[in-house]
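Observations on chain architecture
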Amino acid sequence: MPSTSLGRSEAHPAPAVSGWQPALALLIAAALLAAALGGLLRAGASGLNVGALQGSHLLAQAASAHAMLMFTGFLGSLISLRHALAVQRRWAFAAPLAAVGSAILLLGGQLEAGALLGLLAALVFIAIHLALRPRRNTAYSVLMLLAALVWLIGNALFAVGIAGSAVLPWWFAMPILSITAERLLMSGMMRRHATALPILAALVPMLLGGAALSIRAGALGGVIFGTALMALALWLAVFDNTRQTLFKAGLPRYMAWSMVAGQAWLALAGLAWMGTALGCPGRDLALHALGLGFILSLVMGHAPVIVPAMARIRLHFSAFLYLPLLVLHGSLLLRLVGGIGHPELRAAGTSANLVAVLVFVVTLAASARPLRGGRRSA
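Residues numbered from 1 in each chain as written. Predicted model: local features only at pLDDT ≥ 70, side-chain atom pairs only at ≥ 80, totals over all residues. Heavy atoms only, no water.

**Things to note about the side chain of His302**
Stated formally: Secondary structure elements are defined from DSSP: runs of H or I of at least 4 residues count as helices, runs of E of at least 2 residues count as strands, and each element is numbered from the N terminus. The definition of a polar contact used here is a pair of N or O atoms within 3.5 Å, where within protein one atom must be able to donate a hydrogen and the other to accept one, and adjacent residues in sequence count solely through side-chain atom pairs. For this analysis, residues touch if any pair of their heavy atoms sits within 4.5 Å.
Its location among the elements puts His302 in helix α14 (residues 283-311). A polar side-chain atom of His302 sits 2.8 Å from the main-chain carbonyl oxygen of Leu298. Not counting the four nearest positions on each side in its chain, His302 is found in contact with Arg183, Met186 and Met255.

Written out as structure tokens, the structure is:
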């Protein structure tokens, strides 16, 4: 199978103060595994036999704080570490450290302290983007600043005891806006499509408006939020450069297929989110088509680019990286589509979601190579 070596990202060089980055990267991976195990245990309440896990106090806490672990302990720390590397200031690393610390406290049952650290992480993340904005493309920096702000709002709602359908749109908006910003920059769509930014400028307020309305008017907010998700999936399908790289060799093709699959799940998540808001069943479909099908798929797809910058390593890219991606989407089809009316298939798919996460972590670890002599590879 063809393979290439991927060095540390030149766009996000690692500052000298970050020699402990590999340990932080391991903690971020641990937060992902804790969130996944917590999700598995939550699914067990509706029929999945996970008796071997139910006696663990740690996993019980992971199930209770599943969403916060995923959006702050994993995604928040991952995204904020990536941008702390870009700003190259010691204080910027307070964002991922606080996010990981929040996950540790939540797993220890310290809900209030964990919530406060989550607020600190989001505040520092906002400061990072205020510091980066003069260096960055305006559209990119505005989207990332908005991502930081909505993360702060979601964590603030959680800290004051608001949960469920009121806080989830804010938490989801953070990685959605971050991914959109990255694709905007990476695909160069701003240089090719004069209409891309004006359309996006209309979609972002719709997304945030739906999140805001979900606090007081859940049904209306859910319909608007779901509509925005579907429109964003169409926007990405039209303006992203994925079609040009689907059949190229190596990493570009791998990233493109993760994007195509993610776009399909994003559109389906929007439809399910609208239906759930109107009283139809399908909450699991709405949440996990978005959280796993879109967001985690894009994390897996971009990992060979972002992980080397964060962990101070290079990755040996090979076709084996397709394996966790295939397991993820296959297990989601089993859980969310095949599991409709078949609890046993839903249970099997939910378990296989965890297998996908484990295979992803193991595959990345097996692909890691140390940097030689401190040099950066292209």
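**Notes on the packing of helix α4 (residues 66-87) against helix α8 (residues 168-186)**
Our working definition: Every axis corresponds to a line fitted to the C-alpha atoms, with the helix fit spanning only the stretch in contact, and the corresponding angles, defined between N-to-C directions, vary from 0 to 180 degrees. For classification, angles of less than 35 degrees are called roughly parallel, those exceeding 145 degrees roughly antiparallel, those between 65 and 115 degrees roughly perpendicular, and all remaining angles oblique. We call a crossing left-handed when the near helix sits turned anticlockwise from the far one by less than a right angle, and right-handed when that turn is clockwise.
Interaxial distance between α4 and α8 falls to 11 Å at its minimum, and their mutual angle equals 30°. Considering the angle they form, α4 stands roughly parallel to α8. The way α4 lies across α8 gives a crossing that is left-handed. On the side of α4, the interface is formed by Ala67, Met68, Phe71, Leu75, Gly76, Ile79, Arg82 and His83, while α8 contributes Leu168, Trp171, Phe172, Met174, Pro175, Ser178 and Glu182.

**Considering the confidence of the model for the chain**
This is how the line gets drawn: Confidence of the prediction at every residue is given by pLDDT, a number between 0 and 100.
With 85% of its residues at a pLDDT of 70 or more, the chain has an overall mean of 84. Note on residues 374-378: pLDDT is under 50 here. Beyond four places in sequence and across chains, it has 10 contacts.

**Observations concerning the pattern of salt bridges**
Our working definition: Any Lys or Arg side-chain nitrogen located within 4 Å of an Asp or Glu carboxyl oxygen qualifies as a salt bridge. Burial status follows relative accessibility: with a 1.4 Å probe on protein chains alone, a residue under 20% of its type maximum counts as buried, one over 50% as exposed, and anything between as partly exposed.
Summed over the entire model, instances satisfying the criterion amount to four salt bridges. For the salt bridge of Glu182 with Arg82, the shortest nitrogen-to-oxygen distance reads 3.3 Å. Taken together, the residues span a long stretch of sequence, with Glu182 in helix α8 and Arg82 in helix α4 at a distance of 100 residues. Summarising the burial analysis for this pair, Glu182 and Arg82 share the class buried. Between Arg346 and Asp284 there is a salt bridge, with its nearest N and O atoms 3.5 Å apart. Remark: Asp284 occurs in helix α14 and Arg346 occurs in helix α16 (residues 343-367); sequence separation between them is 62 residues. Since its relative accessible area comes to 24%, Arg346 is described here as partly exposed. Residue Asp284 is classed as buried on the basis of its relative accessible area of 17%. Each of Asp284, Arg335 and Arg346 takes part in salt bridges that share partners, so that together they form one network.

**Considering a nonpolar patch on the surface**
Applied cut-off: Patch criteria: residues need more than 30% relative accessible area and no salt bridge. Like-charged residues are merged within 9 Å; nonpolar side chains of Val, Leu, Ile, Met, Phe, Trp and Tyr are merged within 5 Å. Only the protein chains shown count as cover for residues, and the accessible areas themselves come from Shrake-Rupley with a 1.4 Å probe.
Together, Met230, Leu268 and Leu271 make up an exposed nonpolar region whose accessible area comes to about 230 Å². Along the chain, Leu268 turns up in helix α13 (residues 251-277).

**A word on empty space enclosed by the protein**
One simple way to see leftover space: roll a probe sized like a water molecule over the atoms. What counts is decided by this rule: Both site types are read off a 1 Å grid over the protein atoms alone. A 1.4 Å probe that fits but cannot get out defines a cavity, while an open set with protein on both sides within 12 Å along at least five of seven lines defines a pocket; lining residues have an atom within 4 Å of a point. Grid points are joined across faces, edges and corners, and a volume is the space filled by probe spheres set on the points.
As enumerated under the stated definition, the model contains three cavities of 30 Å³ or more in all. Estimated volume of the largest cavity: approximately 250 Å³. Lining the largest cavity we find 16 residues, and of these Ile79, Ile179, Glu182, His302 and Ile306 sit closest to its centre. Secondary structure elements with two or more residues in the lining of the largest cavity: α4, α8 and α14.

**Section: helix α11 (residues 218-239)**
The condition that has to hold: Here the expected length of a helix is defined as 1.5 Å per residue gap, with one fewer gap than residues.
Here α11 is 22 residues long and its end C-alpha atoms lie 31 Å apart, about the 32 Å a rise of 1.5 Å per residue gives. Gly221, Gly222, Phe225, Gly226, Ala228, Leu229, Leu232, Ala233, Trp235, Leu236 and Phe239 are the residues of α11 that are buried.

**Some remarks on the environment of Arg314**
Relative to the elements of secondary structure, Arg314 occurs in strand β2 (residues 313-318). Its relative accessible area of 13% is what places Arg314 among the buried residues. Note: C-alpha distance between Arg314 and Arg369 (55 residues apart in sequence) is 5.2 Å.

**Thoughts on the layout of surface pockets**
So the rule is basically this: Polar here means any residue other than Ala, Val, Leu, Ile, Met, Phe, Trp, Tyr, Cys and Pro, which are nonpolar, and Asp, Glu, Lys and Arg, which are charged; Gly is therefore polar.
The computed volume of the largest pocket comes to approximately 910 Å³. Along the walls of the largest pocket sit 44 residues, with Arg42, His66, Ala67, Leu287 and His288 positioned nearest its centre. Considering each element in turn, the lining of the largest pocket owes the most residues, eight residues, to α14. When the residues that make up the lining of the largest pocket are grouped by side-chain class, the tally is 28 nonpolar, 10 polar and six charged. In this structure, the second largest pocket occupies an estimated 420 Å³ of space. What lines the second largest pocket is a set of 20 residues, and nearest its centre among them are Ala25, Leu26, Ala29, Val307 and Leu364.

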